[in-house]
Amino acid sequence: MRLMLSALVLAALSTAALAQSTGVAVTQAWSRASTPAAKTGAIYVTVTAGGPDRLTGASTPVAETAEVHQSKMTNGVMEMRPVEGGLAVTPGTPIHMAPGGYHIMLLGLKQPLQQGSHVPLTLNFEHAGAVNVEAVVAGPGASEPPRP
Ligand SMILES: [Cu+2]
């Protein structure tokens, strides 16, 4: 009986270690304050992967829809579009989302994003599953995350 228990504990431990070595870390989640009339917003995060993974989707209680978007300058015009098939994350190459690049697009904002508040965000990864973070809301038009 004692032997069986240790085997179970060992199995549980190695599963946890495995999840960690192939998992993803989502850090520095932030957003920008929105005007009361705004129906859209964006959240920026940094994603570091322990193994190859793919960010396939996102959700937040403050918006009807959240999509992974990429902004690009095309003929002098800033355009953005959903990332088709999800955003691949490679170990050793963190993805730094930022204004003008990758972002989590919030569509159908249910409430204004208030400076200093925290917005819950769930990111869904192909392998790591759901990762929950809180994005801190910076001032309107901020170009980088608020200092802690
Ligand atoms: Cu967008």
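Residues numbered from 1 in each chain as written. Predicted model: local features only at pLDDT ≥ 70, side-chain atom pairs only at ≥ 80, totals over all residues.

S.K.: How should I be thinking about the overall build of the protein chain in this particular structure?
M.R.: On a plain count of helices and strands, the protein chain comes out with 1 helix and 10 strands. Within the protein chain, the proportion of its 148 residues that are buried is 27%. The long-range share in the protein chain, meaning contacts at least 24 apart out of those at least 6 apart in sequence, stands at 71%. (Helix = DSSP H or I, 4+ residues; strand = E, 2+ residues; numbered from the N terminus. Buried ≥ 20, exposed ≤ 12 C-beta atoms within 10 Å, placed from the backbone. Contact = placed C-beta atoms within 7 Å.)

S.K.: Please explain the environment of Gly108 as it appears in this structure.
M.R.: Tracing the sequence through the fold places Gly108 in strand β8 (residues 102–109). Overall, the presence of 11 C-beta atoms within 10 Å leaves Gly108 in the exposed class. Measuring from C-alpha to C-alpha, the distance between Gly108 and Val62 comes to 8.4 Å, with 46 residues separating the pair along the chain.

S.K.: Would you take a moment to explain the environment of Gly23 for this structure?
M.R.: Topologically, Gly23 is positioned in the loop between α1 (2–22) and β1 (24–32). Linking Gly23 and Val131, residues 108 residues apart in sequence, is a C-alpha distance of 9.8 Å. Discounting residues that sit within four places of it in the chain, Gly23 has contacts with Gly50 and Ala128.

S.K.: I tried to follow the environment of His103 on my own but got confused; where do I start?
M.R.: Take His103: it is sitting in strand β8. In this structure His103 comes out as buried when scored by C-beta crowding, with 21 C-beta atoms within 10 Å. In this structure, the C-alpha to C-alpha distance between His103 and Gly41, residues 62 residues apart in sequence, is 9.6 Å. Sequence-distant contacts of His103, defined by excluding residues within four places in its chain, comprise Ala42, Ile43, Tyr44, His69, Ser71 and Met97.

S.K.: I'm lost on the nonpolar core in this one. Help?
M.R.: For soluble globular proteins, nonpolar side chains are generally found buried alongside one another. In this structure, Ile43, Val45, Ile104, Leu106 and Leu121 are the most contacted members of the largest nonpolar core, which totals 32 residues. Among the elements that take part in this core, strand β2 (residues 40–49) stands out by supplying 6 residues, more than any other. If we skip the residues at most four places from it in the chain, Val45 touches Val26, Gln28, Ala29, Met97, Ile104 and Val133. (Core = buried A, V, L, I, M, F, W, Y, C linked by C-beta atoms within 7 Å.)

S.K.: Would you explain the confidence of the model for the protein chain in this entry?
M.R.: Predicted coordinates in regions of low pLDDT should not be interpreted in detail. Residue-level pLDDT values for the protein chain average 88, and 85% of them are 70 or greater. Of all secondary-structure elements in the protein chain, the lowest mean pLDDT belongs to α1, at 47, while β8 reaches the highest, 98. (pLDDT = per-residue confidence, 0-100.)

S.K.: Help me understand unusual backbone geometry, please; the structure alone is not making it clear to me.
M.R.: What is expected of a backbone is that most residues other than glycine have negative phi and most peptide bonds are trans. If you check the backbone angles, Gln28 has positive phi at about 45° while not being a glycine. If you trace the backbone, Gln28 turns up in strand β1. In this structure, Asn75 is a non-glycine residue whose phi angle is positive, near 50°. Examined against the element boundaries, Asn75 turns out to sit in the loop between β4 (63–74) and β5 (77–82). The exposure class of Asn75 is exposed, given the 5 C-beta atoms found within 10 Å.

S.K.: Help me out: how do you make sense of the pairing of β4 in this one?
M.R.: Moving residue by residue along a regular strand, the side chains alternate between the two faces of the sheet. Taken together, the 7 bridges between β4 and β8 define a ladder with antiparallel strand orientation. What sits directly across from Val68, in β8, is Ile104. With 6 bridges joining them, β4 and β5 adopt antiparallel strand pairing. Considered in β5, the bridge of Gln70 is made with Arg81. Between the antiparallel neighbours β4 and β5 lie 2 residues, among them Asn75 with a positive phi of about 50°. (Pairing = 2+ DSSP bridges.)

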